[in-house]
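Descriptive structure summary
Each chain is listed here by its residues.
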Amino acid sequence: MYNLKLGDRMKRILAAMLLLLLASVATAKVVYVPDNYPTIQQAINNASKGDTIVVRDGIYVENVVVNVESLTIKSENGSANCILQAAYKRKPVFDVNADHVNISGFTIKGADKGINLNANRCSITNNNVSNNYYGIYLYSSNNSTLANNR
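Anyway, here's the lowdown on the structure attached to this text.

Moving on, we come to the sheet that holds strand S2 (residues 52–55). Spatially, S1-S2-S5-S8-S11-S14 is the arrangement adopted by the six strands of the open sheet, whose pairing is parallel. Strands at the two margins of the open sheet, each flanked by one partner only, are strand S1 (30–33) and strand S14 (145–147). With strand direction ignored, the average angle separating the axes of adjacent strands in the sheet is 10°. Bridge analysis of S1 against S2 gives four bridges, and the strand direction is parallel. Bridge assignment links Val 31 to a residue of S2, and that residue is Ile 53.

So, on to the side chain of Asn 132. Counting through the fold element by element, Asn 132 comes out in the loop between strand S12 (128–130) and strand S13 (134–138). With relative accessibility at 15%, the residue Asn 132 sits in the buried group. Within the local environment of Asn 132, its side chain forms a polar contact with the backbone oxygen of Ile 108, the two atoms lying 3.0 Å apart. One polar contact links the side chain of Asn 132 to the main-chain carbonyl oxygen of Ser 130, over a distance of 2.9 Å.

With the rule as written, the count across this model stands at five salt bridges. Arg 56 is the partner of Glu 76 in a salt bridge, and the nearest nitrogen-oxygen pair spans 2.5 Å. Here Glu 76 is found in the loop between strand S5 (72–75) and strand S6 (82–85), whereas its partner Arg 56 is found in the loop between S2 and strand S3 (58–61), with 20 residues between them in sequence. Overall, the relative accessible area of 24% leaves Arg 56 in the partly exposed class. The partner of Asp 112 in a salt bridge is Arg 90, and the shortest N-O contact between them spans 3.6 Å.

Scoring rules and cut-offs
- Residues numbered from 1 in each chain as written.
- Predicted model: local features only at pLDDT ≥ 70, side-chain atom pairs only at ≥ 80, totals over all residues.
- Heavy atoms only, no water.
- Pairing = 2+ DSSP bridges.
- Helix = DSSP H or I, 4+ residues; strand = E, 2+ residues; numbered from the N terminus.
- Axes fitted to C-alpha atoms, helices over the stretch in contact; angles between N-to-C directions.
- Buried < 20%, exposed > 50% of the residue type's maximum accessible area, 1.4 Å probe, protein only.
- Polar contact = N/O pair within 3.5 Å; in protein donor to acceptor, adjacent residues only side chain to side chain.
- Salt bridge = Lys/Arg side-chain N within 4 Å of Asp/Glu carboxyl O.

And the structure:
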């Protein structure tokens, strides 16, 4: 058995690291579109790592850039009730450039690329990706899960 003695300085460093870790976990929040933010993009722009964005039923006309890691973006009641229509056909509806992003439960339509995935370890599930030139376009993306999409 080893006898490990930590000095006061090392104990303070470890305690500070633990507090930072707990603070980052504790600050993850759930926000609702349009309740807290009128658009999905505004919710993403104000999001932090680990947050969840829940999108209420409706039709949203926008192109969304996702650049926050470990973000979950999901519809409240599934793809039949939450439609994301491209505002600009030549831009992806969802342009994902951050790792560990989860997108679930949307109808995504009206663009050259429904979802452009340029990130790793993402999860794209339960979406209806239709009326796009490319439904889900993978570019330099590894270890991602695509399941139950139409």
